[in-house]
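Reading the structure
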Amino acid sequence: MSNPLPEARAALEAAGQIPDAELDIAAVALQFARVDAPVADWHAAAQHLTDIARAAVEMAAADAEADAGNLPRRRAALAELLHGRFGYAGDIASYDDLSNANLLKVIERRRGLPVALGILWLHAADAAGWEAHGVDFPGHFLVALSGRGQVVVDVFGGGGQLDARDLRALLKTFAGDSAELGPDTLAPMGKRAVLLRLQNNIKVRRLRDGDLAGAVACTEDMLRLAPDAAPLWREAGLMHQRLGHITAAILNLERFLSLAPDGPQSARVKGLLDELRQRLN
C-alpha cells in the first residue's frame, strides 16, 4: 500500500491557496483525516460524502417551501437527513476520543464532536444550495442556517433549534454563570476557520496526553491549509523549541514575525530568536 501522507498533505497545501468561499469543506476535512488514519478507506468515505450531497439535492427538490427559504423547514429536513437517515449523533460516551475529530472515523462510527458533525451539516446544506455557516460559540460548535433571518442549530444534540434562552443557558455551561450573550457570541466562521477548529481538537488532546511531536505535526498540517495564520507559526516554533529542534523553531518563529512584526508576543519572540540563534553558533 502506498503512503497516503504526501498526497494528503499536498492536497492540504493546494487548499491553502484557495479562497475561503471556494473550499470544499468536507473534502479538506477528509484529507486531514487521511493523515491520522492512513489505513482507513478514504475512497468509501468520499463516496459517502457524495451520497449525502446527492440526498441533499433530492431533499431540497422535494420540499419547495424549504427550498424557497423557510429556515425551520430547512433545519428539520437537514436534521432528518443527517441524524435520521444517515444516523449521525454526538459522541457523549467517549467525547475526548480522537476519532471524534477525524472525519474518516466519524463516518465509520456515525459519531463525532460538534465541529465534525457541523462539517457534515455544512456539506449537506451547500449541496442543497442553502446558506449556512459555522458559529464560533464558546466551547460548543454550532451551525447557523441563514436567509430570511437565522436559525441556530445544535448539531451535536441531534439538530435541534436553539433560541436565545437555550443559547444563554449553553453559554453559561461553558463560560460560567456570569457569561451573557454578546454581539460576538454568534460570530460566523469561514470554512477555513471551521477546519482549523476541527484540527485544534486533535492538537489540544495530543498536548494533554504529552504527545508533543504529534501536536506539532498537527499544527504544521493546519499551516498547510492556513499558511498566513501567524499564531500557529508561533505555536509550532515554541513546540519545536521544546523538542530541541532549534533550526525548525527558528524558521517557524521567523515566519511568525514576518506575519506579525509588532505587538507584545512579537517582542518576546524576537528575544527568543536571539537566544536560539546563539545556541546554533
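Everything below is about the structure printed above this text.
Below you will find a few notes about this structure. (Residues numbered from 1 in each chain as written. Predicted model: local features only at pLDDT ≥ 70, side-chain atom pairs only at ≥ 80, totals over all residues. Heavy atoms only, no water.)

1. Observations concerning the sheet that holds strand 3 (residues 132-135)
Strand order in the open sheet formed by 5 strands is 6-5-4-3-7, with antiparallel pairing between adjacent strands. The open sheet terminates on both sides in strands that have one partner only, identified here as strand 6 (160-162) and strand 7 (188-189). With 3 bridges connecting them, strand 5 (residues 149-154) and strand 6 associate as antiparallel partners. Across the sheet, residue Val-152 finds its bridge partner in strand 6, namely Leu-162. Strands strand 4 (142-147), strand 5 and strand 6 of the sheet are contacted by helix 5 (residues 71-85), whose axis makes an angle of about 140° with strand 4. (Pairing = 2+ DSSP bridges. Helix = DSSP H or I, 4+ residues; strand = E, 2+ residues; numbered from the N terminus. Contact = heavy atoms within 4.5 Å. Axes fitted to C-alpha atoms, helices over the stretch in contact; angles between N-to-C directions.)

2. Topic: the environment of Ala-61
Looking at where Ala-61 falls in the secondary structure, it is placed in helix 3 (residues 42-62). In sequence terms Ala-61 and Ala-128 are 67 residues apart; their C-alpha atoms lie 8.4 Å from each other.

3. Focus: the pattern of salt bridges
Under the definition given, this model contains 21 salt bridges. Between Arg-205 and Asp-96 there is a salt bridge, with its nearest N and O atoms 3.1 Å apart. With Arg-205 in helix 9 (residues 191-208) and Asp-96 in the loop between strand 1 (89-90) and helix 6 (103-109), this pair connects stretches of sequence that are 109 residues apart. For Asp-96, a relative accessible area of 42% puts it in the partly exposed group. Between Glu-254 and Arg-277 there is a salt bridge, with its nearest N and O atoms 2.8 Å apart. Highlighted residues: Glu-254 in helix 12 (residues 246-259) and Arg-277 in helix 13 (residues 264-280), separated in sequence by 23 residues. For Glu-254, a relative accessible area of 31% corresponds to the partly exposed category. Given a relative accessible area of 35%, Arg-277 falls into the partly exposed group. Here the residues in one salt-bridge network are Arg-9, Glu-13, Asp-221 and Arg-224, joined through shared partners. (Salt bridge = Lys/Arg side-chain N within 4 Å of Asp/Glu carboxyl O. Buried < 20%, exposed > 50% of the residue type's maximum accessible area, 1.4 Å probe, protein only.)

4. Comments concerning the layout of surface pockets
Counted as a void, the largest pocket has a volume near 270 Å³. Forming the walls of the largest pocket are 17 residues, and the residues nearest its centre are Ile-25, Leu-122, Asp-126, Ala-132 and Lys-191. At the level of elements, helix 7 (114-128), strand 3 and helix 9 are the ones that each hand at least two residues to the lining of the largest pocket. Counting residues per element, the lining of the largest pocket draws most heavily on helix 7, at 4 residues. For the lining of the largest pocket, the class distribution of residues is 8 nonpolar, 4 polar and 5 charged. (1 Å grid on protein atoms, 1.4 Å probe; cavity = no way out; pocket = protein on both sides within 12 Å on 5 of 7 lines; lining within 4 Å. Points joined across faces, edges and corners; volume = space filled by probe spheres on them. Nonpolar A, V, L, I, M, F, W, Y, C, P; charged D, E, K, R; others polar.)

5. Examining the packing of aromatic side chains
Using the criterion set out here, one finds 1 aromatic pair in the structure. With a centroid separation of 5.6 Å and an interplanar angle of 80°, the aromatic rings of Tyr-95 and Phe-156 are classed as edge-to-face. Taken together, the residues span a long stretch of sequence, with Tyr-95 in the loop between strand 1 and helix 6 and Phe-156 in the loop between strand 5 and strand 6 at a distance of 61 residues. Under the relative-accessibility criterion, Phe-156 is labelled buried at 14%. Positioned above the aromatic ring of Trp-42 is the side chain of Arg-34, whose terminal nitrogen or guanidinium carbon lies 4.0 Å from the ring centre. (Phe/Tyr/Trp six-rings, centres within 6.5 Å; stacked < 30°, edge-to-face > 60°. Lys NZ or Arg CZ within 6 Å of the ring centre and 35° of its normal.)

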